[in-house]
Structures are given as C-alpha cells and as structure tokens.
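# Secondary and tertiary structure notes
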Amino acid sequence: MAKNKKTRKVTVKKKQAAKRNQGMHRVPRANRKYKDTVFRMLFSDKENLLSLYNAINRSVYENPEDLEIVTLENAIYMGMKNDLAFIIDTNLFLYEHQSTYNPNMPLRDLLYISAEYQKIVDHKSLYSSVLQKIPAPYFIVFYNGTEKEEDRWENSLSEAYENLTGEPKLELKVITLNINEGYNKELMEQCQILREYAQYVGKVRKYRKVMELDAAVEHAVDECIREGTLKDFLQKNRVEVLKVSIFEYDQEEEEKKLRKAEFEAGYDTGVMDKVKEIIQYMLKSGEPVEKIARYTGYTVEEVKEIIKTSQ
C-alpha cells in the first residue's frame, strides 16, 4: 500500500512537471493591461531612433547621445499616450505608431505636448519679464494600418474646430507616414530597422489570414529570425515580442469592430450628414470610389454603403 502511494506521488509530480514544461513553450497570451508596442520597443533604442530621425530629416547625426528621450511614462491617461518623445538640436519630436486611422491625433498631441512643456518649465517662473524658451515641436505618426493607401498625409487641429471663422488662433499639424511595405520607399531605404519592422508586420498579417493570431505571430517571428530580419532584436526579446504583438493585433481588430459599430449606428447624425454631402459632391465631380475612401478615411465598402443609403 505504501509503495502504491509513493508511486502515485511520483506520477503526480511528473505530470505537474510536464505541464510546467509545456507552458514554457506555449505562446504567451496577451496581457490586456500591456501598453507597449513592438515599434516602441525597437525605437526606444537610441541608435535605432537616431537612424529613423536621420532618415526622415535627411540628417547625418552619428552620436546617439545627441538625442535625449523625454517620453512621459506616466501620461497614459486622458488620451495622452505617446510612443516616443525626444529632443535633438533644441527641437522636440513626438513620434507615435498607429495601426488604425485616427483623425484626432492633433488634439491628442496637443494634450501631450502641453504636459511635456509643463515638465520642461517646471520650477521656472512664467510671470517674470524673462521669456522662457521652449523647444519647437514636431509631430509624426507612423501608420501601418490597412485603411489608408497614401504615402503621407497631414491632419490639423483646426479641422476639429466648430464654426471657425478666419485663421485659427491655435494650430497644430501632424504628419502621418505610411510604413507598410511598398510605401515611402526612399525612407525605407534610408532606415533598415524601419524596413525590417515593416517586413515583420507584413508577415504577421499574411499568416493571420490562414491561422490563429497566436500561431501567426509565432510563425512570423520564427521566419524573421531565419531570414535575418530583426534577428538580434527578436532573439533577445522573443517572449515579450510575442506578448506585445498578440495584444497589438487583438487591439487593432477591436478598434476596427468599434469603428464598424459606430458607422452602422450612425453615431453622430451631423457628422454623417456632412460625410454624405461630401461623398455625393465628389461622386458628381466624377471621382472614383477608391479616391473618395482615401479622402474621407472610410473603407471602400463603407463608402459604397453610404452611397447606397443616401439614394
């Protein structure tokens, strides 16, 4: 009897160990509270970030220490999240990655830059006769969604103003660069890390069409490592990249579902009436549906649905 009990204990321990080992090889599920992105992980490295900055600005900075990262780590509230903020040559740059089109980026960046300036002028008097100097801001979004097809576009804060007359007294412009494969070829040629990141994203999307998200991400990571794409980064950060990517693409799908629900519900009658008016005007001017979709921010299918319901 004692021997049987001992045998059962050993068997139980072996099963528990097997489960632990199995869990070690399983793709980690996403943590819904996780706030990072693969883009931010890559470009939080100063050398990578400097390479990206040089490619965009056609500059030739060589010392990563010329760049000071000032991202607000505690500003993920009230829409004030930003992936990367840094100062170089007395200018302040806000970089953010987006996988869905968001026309509210100027307002979000306004809130964020206000917090950045608050930090910069802290302990300085704004009531003195001495002018407090602040770094000039530049706002760039790196877009790798599937809704927009231009190389780049610009959004302005003034687009959000109601009943604006004359020139806006407060303006903020955000440049968005499409970083999907096949877009902004010159930029991709100048920044190898960005090009390889685009290749990784392309692989995840390709495999996502034929397999579950967890498997698609793992398959993309394995293939990139074999091919030498982001090899060192992926080998070093494999577990975290898997976790972050799963969350990132889960979130992307949820945002698309939310946009679809808003569209179908006609969430803002005034906005929808204006959209219908613009679409009808462009149609009468002979513009193709594809171009209308690009200019309005809707998908081709959504534009066709609006046209159908407007007739």
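Residues numbered from 1 in each chain as written. Predicted model: local features only at pLDDT ≥ 70, side-chain atom pairs only at ≥ 80, totals over all residues. Heavy atoms only, no water.

## Topic: the overall build of the chain
Under the convention used in this document: Put simply, DSSP marks the helices as runs of H or I at least four residues long and the strands as runs of E at least two long, and each gets a number from the N terminus on. Buried, partly exposed and exposed residues are distinguished by accessible area as a fraction of the type maximum, computed with a 1.4 Å probe on protein chains only: under 20%, between the cut-offs, and over 50%, respectively. We call two residues in contact when some of their heavy atoms are within 4.5 Å. Accessibility throughout is a Shrake-Rupley quantity obtained with a 1.4 Å probe, and a residue counts as covered only by protein chains that appear here.
Counting its regular elements, the chain contains 12 helices and 6 strands. The buried share of the chain, taken over its 311 residues, is 41%. Looking at the chain alone, contacts between residues at least 24 apart form 62% of all its contacts between residues at least 6 apart. Carbon and sulfur atoms form 50% of the exposed surface of the chain, whose accessible area is close to 19,000 Å².

## Let's talk about the environment of glutamate 73
Position of glutamate 73 relative to the elements: it lies in the loop between strand 1 (68-69) and strand 2 (84-88). Glutamate 73 sits 11 residues away from leucine 84 along the chain, and the two C-alpha atoms are 9.6 Å apart.

## Considering the pattern of salt bridges
Selection rule: One side-chain nitrogen of Lys or Arg within 4 Å of one carboxyl oxygen of Asp or Glu is enough to make a salt bridge.
Applying the stated rule across the entire model yields 9 salt bridges. One salt bridge connects lysine 46 with glutamate 65, and the closest N-O pair in it is separated by 3.4 Å. Within this pair, whereas lysine 46 is found in helix 3 (residues 46-57), its partner glutamate 65 is found in the loop between helix 3 and strand 1, the two being separated by 19 residues in sequence. A relative accessible area of 58% places glutamate 65 in the exposed class. When the shortest N-O distance is used, the salt bridge between lysine 119 and glutamate 116 registers 3.8 Å. Note that lysine 119 and glutamate 116 are positioned in helix 4 (residues 105-120) at a spacing of 3 residues, about one turn of the helix. On the basis of relative accessible area, lysine 119 is assigned to the partly exposed category, the value being 40%. Overall, the relative accessible area of 0% leaves glutamate 116 in the buried class.

## A closer look at helix 7 (residues 213-227)
Working note: α-helix, 3.6 residues per turn, so residues spaced by three or four point in the same direction. Quick note on the threshold: Expected helix span is taken as 1.5 Å per residue step, with the number of steps being one fewer than the number of residues.
Across its 15 residues, helix 7 extends 21 Å between first and last C-alpha, which sits within 8% of the 21 Å expected from 1.5 Å per residue. Considered for burial, the residues of helix 7 that qualify are Leu213, Asp214, Ala216, Val217, Ala220, Val221, Glu223, Cys224 and Ile225. The positive-phi residue at the C-terminal boundary of helix 7 is glycine 228, with phi of around 85°.

## Quick look at the nonpolar core
Heads up, the rule is: Think of a nonpolar core as a cluster: buried Ala, Val, Leu, Ile, Met, Phe, Trp, Tyr and Cys residues, connected wherever their side-chain atoms sit within 4.5 Å.
Core analysis: the largest hydrophobic core is formed by 46 residues, its most contacted members being Phe39, Tyr95, Leu194 and Tyr200. Among all residues touching phenylalanine 39, those that are not within four sequence positions of it are Leu52, Leu84, His97, Phe142, Ile179, Leu194 and Tyr197. Counting 15 residues, the second largest nonpolar core, distinct from the first, contains Val70, Ala85, Ile87 and Leu172.

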